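# Descriptive structure summary
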Amino acid sequence: MFRGGDSELFFRNQYFGSSFFDFLKIEYPHLLPDFSAYLKECQPDSLKSELHGTTILALNYADGSIIAGDRMATEGYQVASRRIEKVFKADEHSAIAIAGAAGPCLEIAKLFQTELEHYEKIEGEELAVEGKANKLAQMIRMNLPAALQGLVVIPIFVGYDTKRREGRIFKYDITGGRYEEDDYYATGSGGKDARAVLKRLFRKGMSLEEAVKVAMEALIEAADEDRGTAGPDLIRGIYPTVKTVTEKGIDDVDEPMIKSICEEIIARRKEK
């Protein structure tokens, strides 16, 4: 016989399973990120003032994966923020990077973190990497009406598969379509230029330092070709965010390493 909180938890799990997202959809839909009402009140031209953030990328290396992003958000032709965070820890073995309209991106990233935490508390174990990727796809699909009107959310999800002992990279389209990449991926307004660099420089089994160098080359190239992507800001001391996703968990790559690599790349480009 269940009593009190145990009874409530038991019956809630019977109806909603372990998904916090499904629970909100049925019981408290008003708490979910919903931009449809906002869009009805907005004229199309007003969406130009929305903050957008790019470029993000991920690639595998010897110990797992790294996931990275530049730090700038734009508002039309203006710089809205030079220090925005686009890369977030999702749980102990996964991370998410976001590109697109900053508001919806941040809301979905926070909800995804809560979803994974809720599942782990209910089930007593982490959701499998495939399950995490599918959950994120479900949230992206929810944002489709807003995406069709300009508030696009395009993430990259990276998870360390403890059974296969390797990092796994997933990309998404605006409809919630989920696709796995074997070695690397980049998206955002500078994604095409970043992918070209990754294609040229990536090789399997790289060390962490080698992988970070490839990532910085890709982001700096994207910044050189795309007005919406920021390169390292040596004057203000602002550098891309880089996290590692490995069996040991999620860690930030030290800023001194990133700074040193960026300065080396810029100095080499000046000599050309």
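Keep in mind it's a predicted model, so treat the numbers as computed, not measured. (Residues numbered from 1 in each chain as written. Predicted model: local features only at pLDDT ≥ 70, side-chain atom pairs only at ≥ 80, totals over all residues. Heavy atoms only, no water.)

### Side note on the sheet that holds strand 3 (residues 64-69)
What counts here: Strands are treated as partners if at least two bridges between them are detected by DSSP. For helices the rule is a DSSP run of H or I covering at least 4 residues; for strands it is a run of E covering at least 2, with both sets numbered from the N terminus onward. Note on geometry: axes are lines fitted to C-alpha atoms, helical ones only across the stretch in contact, with angles between N-to-C directions running from 0 to 180 degrees. Any two residues whose heavy atoms approach within 4.5 Å are treated as being in contact.
One open sheet holds the five strands; their spatial order is 11-2-3-12-13, and the pairing between them is antiparallel. On the outer flanks of this sheet lie strand 11 (184-187) and strand 13 (249-252), each paired with one strand and no other. With strand direction ignored, the average angle separating the axes of adjacent strands in the sheet is 15°. Sheet topology note: the strand 3/strand 12 (residues 241-246) ladder contains six bridges and is antiparallel. Bridge pairing links Ile67 to Lys243 in strand 12. Seen against the sheet, helix 7 (residues 191-201) touches strand 2 (56-61) and strand 11 and runs at an angle of roughly 160° to strand 11.

### Description of the side chain of Asn60
Among the secondary structure elements, Asn60 is positioned in strand 2. Residues contacting Asn60, with those up to four places away along its chain left out, are Ser65, Gly167, Arg168, Ile169, Asp182, Asp183, Phe202 and Met206.

### Thoughts on the pattern of salt bridges
So the rule is basically this: Just to be clear on terms, a salt bridge is a Lys or Arg side-chain nitrogen sitting within 4 Å of an Asp or Glu carboxyl oxygen. Each residue is placed in one exposure class: buried if its accessible area under a 1.4 Å probe, protein chains only, is under 20% of its type's maximum, exposed if it is over 50%, and partly exposed if it falls in between.
Evaluation of the coordinates by the stated rule reveals 22 salt bridges. Across the salt bridge formed by Arg71 and Glu85, the nearest N and O atoms sit 3.4 Å from each other. With Arg71 in the loop between strand 3 and strand 4 (73-75) and Glu85 in the loop between strand 5 (78-81) and strand 6 (87-91), this residue pair connects regions lying 14 residues apart in the sequence. On the basis of relative accessibility, which here comes to 34%, the residue Glu85 falls in the partly exposed class. Overlapping salt bridges bring together Glu130, Asp161, Arg168, Arg178 and Glu180 as one network.

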